[in-house]
Amino acid sequence: MLTCLEGYSKPLLSCPENCDTIVVLAGSILPKVPGEPLEQLGDSSLRRCLEAARLYKQNSRLTIIVSGGRESGSSHAVTLAQLMATFLAECGVKVVDIVQETESTNTLENSTETARLLEASGTDHIVLVTDAAHMRRAARCFERRGIRVTLASCNYQGAWPPESWRWIVPSPSGLLKTQYACHELLGAIWYWFIDSPQSMPDHAIATQ
């Protein structure tokens, strides 16, 4: 099931010449460890940032928008966007080339809040970085807001054909992947109903 979701897009080798903005969606965050000053990015957030940094290093004229606020009901001291911006800077991305979107708490809000930033800068074409399994749902949200999207998927977790017969044996990792796939499928169905044209800004509807 996860492999089917990931088949929607392929890894992006390089950014297209006519696009100068990368949007990276926040993923997971880890609780603060005693002795550490701040929370830490989870695996999905780190992998997305690494992919954005790889693309940026091919062409440093790019701007990177990191999108992610605090998780709903959380007591985190910082936003995911702040943590991602710090990590990207450590990866060699110029601080001046990083824009933080710190209000969103889910994929739909990622697209809505980021679209406001893009509209203010006159940008309507982005390279979108997120997990391969998450890409279909995320790209649709941005496209519904009149934004042209070049897909840059990362963090592929499925494999087909299976590498060995062990794929049929239940395992903790297999259960987590199934849970993730179900989350994405249910999320896509839910967004199909709530993300109606009536909820979109006028400029997005005009481009449909």
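Trainee: Describe unusual backbone geometry, naming the residues involved and giving the relevant values.
Mentor: A positive phi is found at Asn155, a non-glycine position, where the angle reads about 55°. Mapped onto the elements, Asn155 comes out in the loop between strand S7 (148–154) and helix H6 (172–194). Residue Asn155 is classed as buried on the basis of its relative accessible area, which comes to 10%.

Trainee: I'd like a description of the sheet that holds strand S1 (residues 21–25), backed by residues and values.
Mentor: By definition, the strands of a sheet pair up through backbone hydrogen bonds, in either a parallel or an antiparallel sense. Spatially, five strands are ordered S5-S4-S1-S6-S7 in an open sheet, and the strand pairing comes out parallel. At either margin of the open sheet sits one strand with a lone partner, and together these are strand S5 (98–101) and S7. Strand after strand, the sheet turns through a mean of 25° between neighbouring axes, direction not considered. With five bridges connecting them, S1 and strand S4 (residues 63–67) associate as parallel partners. Note on S4: the bridge partner recorded for Thr21 is Thr63. Each of S1, S4, S5 and strand S6 (125–131) touches helix H4 (residues 107–121); the most contacted strand, S5, lies at about 135° to it.

Trainee: For the confidence of the model for the protein chain, give the residues involved together with the corresponding values.
Mentor: The predicted coordinates ought not to be read in detail in places where the model reports low pLDDT. The share of residues in the protein chain with pLDDT of 70 or more is 73%, and the mean pLDDT across the chain is 82. Confidence drops under a pLDDT of 50 for residues 198–208, and excluding neighbours within four residues, the segment shows 16 contacts in the predicted structure.

Trainee: How would you summarise the side chain of Ser9 if you had to cite specific residues and measurements?
Mentor: By the element assignment, Ser9 lies in the loop between helix H1 (2–6) and S1. Looking at Ser9, its side chain comes within polar contact range of the side chain of Ser153, at 2.3 Å.

Trainee: I'd like a description of the nonpolar core, backed by residues and values.
Mentor: Of all hydrophobic cores here, the largest spans 31 residues; its most connected members are Ile22, Ile64, Val66, Leu88 and Val127. Every element with two or more residues in this core is listed here: S1, helix H2 (43–58), S4, helix H3 (80–90), S6 and S7. Element by element, the count of residues in this core is highest for H3, at seven residues. Setting aside residues up to four positions removed in sequence, Ile22 forms contacts with Cys15, Ala52, Leu55, Tyr56, Leu62, Thr63, Ile64, Ile65, Val127 and Val129.

Trainee: Describe a nonpolar patch on the surface, naming the residues involved and giving the relevant values.
Mentor: Nonpolar side chains collect at one region of the surface, where Leu186, Ile189, Trp192, Phe193 and Ile194 lie side by side and expose about 590 Å² of accessible area between them. Relative to the helices and strands, Trp192 is located in helix H6.

Trainee: Before we move on, could you go through the pattern of salt bridges and cite the residues and values that matter?
Mentor: Taken as a whole and judged by the stated rule, the model has five salt bridges. Here Asp43 and Arg47 are joined by a salt bridge, their closest N and O atoms 2.9 Å apart. Of the two residues, Asp43 and Arg47 both sit in helix H2, four residues apart, roughly one turn of that helix. We classify Asp43 as partly exposed; its relative accessible area is 46%. Judged by relative accessible area, Arg47 falls into the partly exposed class, the value being 41%.

Trainee: Describe the packing of H2 against H3, listing the residues and the values that go with them.
Mentor: In contact at an axis separation of 10 Å, H2 and H3 are set at 45° when each is read in the N-to-C sense. The pairing of H2 with H3 is recorded here as oblique in orientation. In this structure, H2 meets H3 at a crossing whose hand is right-handed. Packed against H2, whose contacting residues are Ser45, Leu46, Cys49, Leu50, Ala52 and Ala53, the element H3 presents Leu80, Met84, Phe87 and Leu88 at the interface. Looking at the contact of H2 with H3 residue by residue, the class counts come to nine nonpolar, one polar and no charged.

Cut-off values and rules
Going along each chain's sequence as written, the residues are numbered from 1 onward. Residue-level local features of this predicted model are given only where pLDDT is at least 70; pairs of side-chain atoms are given and counted only at 80 or more, and the full residue set underlies all totals for whole chains, interfaces and linings. Here the side-chain values reflect all heavy atoms present in the structure, with hydrogen atoms and water set aside. The helix count covers DSSP runs of H or I at least four residues long, the strand count covers runs of E at least two residues long, and both are numbered beginning at the N terminus. Burial classes follow relative accessibility: with a 1.4 Å probe on protein chains only, a residue under 20% of its type's maximum area counts as buried, one over 50% as exposed, and anything between as partly exposed. Strand pairing is assigned whenever DSSP detects at least two bridges linking the two strands. Angles run from 0 to 180 degrees between N-to-C directions of axes, and those axes are lines fitted to C-alpha atoms, restricted for helices to the stretch in contact. We call two residues contacting when some pair of their heavy atoms lies within 4.5 Å. Confidence of the predictor at the level of single residues is captured by pLDDT, which takes values from 0 to 100. Whenever two N or O atoms come within 3.5 Å, that pair is a polar contact, provided that in protein one can donate a hydrogen and the other can accept it, and provided that, for residues adjacent in sequence, both atoms are side-chain atoms. Only buried Ala, Val, Leu, Ile, Met, Phe, Trp, Tyr and Cys residues count toward a nonpolar core, and they belong to the same one when joined by side-chain atoms within 4.5 Å. Nonpolar side chains (Val, Leu, Ile, Met, Phe, Trp, Tyr) within 5 Å and like charges within 9 Å form the patches, drawn only from residues with over 30% relative accessible area and no salt bridge. Calculation of accessible area relied on Shrake-Rupley with a 1.4 Å probe; when residues are assessed, cover is drawn exclusively from the protein chains displayed. For salt bridges, the criterion is a side-chain nitrogen of Lys or Arg within 4 Å of an Asp or Glu carboxyl oxygen. Put simply, angles under 35 degrees are roughly parallel, angles over 145 are roughly antiparallel, angles from 65 to 115 are roughly perpendicular, and the rest are oblique. Crossing chirality is assigned from the near helix's rotation relative to the far helix, an anticlockwise turn below a right angle marking it left-handed and a clockwise turn marking it right-handed. Side-chain classes are defined by residue name, with Ala, Val, Leu, Ile, Met, Phe, Trp, Tyr, Cys and Pro counting as nonpolar, Asp, Glu, Lys and Arg as charged, and the others, Gly among them, as polar.

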